[in-house]
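Architecture at a glance
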Amino acid sequence: GGHYVLELIVFTDASYKRDKEEGVSAAYAYSYQLRDTYKNLSELTKEDKKITKKGGISNEKCVVKVELQAVKETLKAIKNSAGLIAERILIHTDSKILIQSQEIDNELIELMDFYKNKKIKVEFFKVKAHTDNVMNERVDRYAKYIRKNK
């Protein structure tokens, strides 16, 4: 045997629209799910494996800030949940600029430090937007839904 690792698989997205009459409307969404790297040894319960999906309205006026907010809200939610049993948090986003600008957001830096101190590795992965990545499409649709139905 290899090392048994619990990962938290995260997807985040933002929905952003600038309108002449209505101004900016924005929302974010995220989902996360625990996954173990040895499916056959799974001791995770159904409850552990359930997908958490949440989102909210954003007051940010810039799309990158909405993308950043999605990640920060996710990391805060995980911090306040059982997610801390994971050894790795793998954040998937279709925003390349989010991945590049993570070092300049103080609140995100603080959150990342929190996880580092807990010996939990947080990693970012770029996914292609609007391909058939089911999880990415799900948060994309959810963010749009929240923005349109606020």
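Predicted model, so just to flag it, every value in this text is computed and none were measured. (Residues numbered from 1 in each chain as written. Predicted model: local features only at pLDDT ≥ 70, side-chain atom pairs only at ≥ 80, totals over all residues. Heavy atoms only, no water.)

Topic: the nonpolar core
Core analysis: the biggest nonpolar cluster contains 28 residues, and L75, I89 and I91 have the highest contact counts within it. Counting only elements with at least two residues in this core, the list comes to β1 (6-19), β2 (23-36), α2 (63-79), β4 (88-93), α4 (106-117) and β5 (121-126). By residue number, the principal contributor to this core is α2, which donates 8 residues. Residues within four places of I91 in sequence aside, it is in contact with V10, T12, V71, L75, V122, E123, F124 and F125. Formed by 8 residues, the second largest nonpolar core is a distinct cluster that contains F11, V127, M135 and A143. (Core = buried A, V, L, I, M, F, W, Y, C linked by side-chain atoms within 4.5 Å. Buried < 20%, exposed > 50% of the residue type's maximum accessible area, 1.4 Å probe, protein only. Helix = DSSP H or I, 4+ residues; strand = E, 2+ residues; numbered from the N terminus. Contact = heavy atoms within 4.5 Å.)

Quick notes on the packing of aromatic side chains
How two aromatic rings sit relative to each other is set out by the distance from centre to centre and by the angle between their planes. One pass over the structure, following the stated rule, counts 2 aromatic pairs. Their ring planes at 5° and their centres at 6.2 Å tell us that Y30 and Y32 sit as a pair that is stacked. Its relative accessible area of 5% is what places Y30 among the buried residues. According to the relative accessible area criterion, Y32 is buried, its value standing at 8%. Between F114 and Y115, the aromatic rings sit 5.2 Å apart at their centres with planes inclined by 85°, giving edge-to-face as the arrangement. For F114, a relative accessible area of 21% puts it in the partly exposed group. (Phe/Tyr/Trp six-rings, centres within 6.5 Å; stacked < 30°, edge-to-face > 60°.)

Comments concerning the sheet that holds β2
Read from one edge to the other, the open sheet built from 5 strands follows the order β3-β2-β1-β4-β5, with strand pairing classed as mixed. Looking at strand neighbours, the two that pair on one side only are β3 (52-58) and β5, the edges of this open sheet. Strand-to-strand twist in this sheet, taken as the mean axis angle between neighbours without regard to direction, amounts to 20°. The sheet contact formed by β4 and β5 spans 6 bridges and is parallel. The residue of β5 that forms the bridge with I91 is F124. Those strands touched by helix α5 (residues 134-148) are β1, β2 and β3, and its axis lies near 40° from that of β1. (Pairing = 2+ DSSP bridges. Axes fitted to C-alpha atoms, helices over the stretch in contact; angles between N-to-C directions.)

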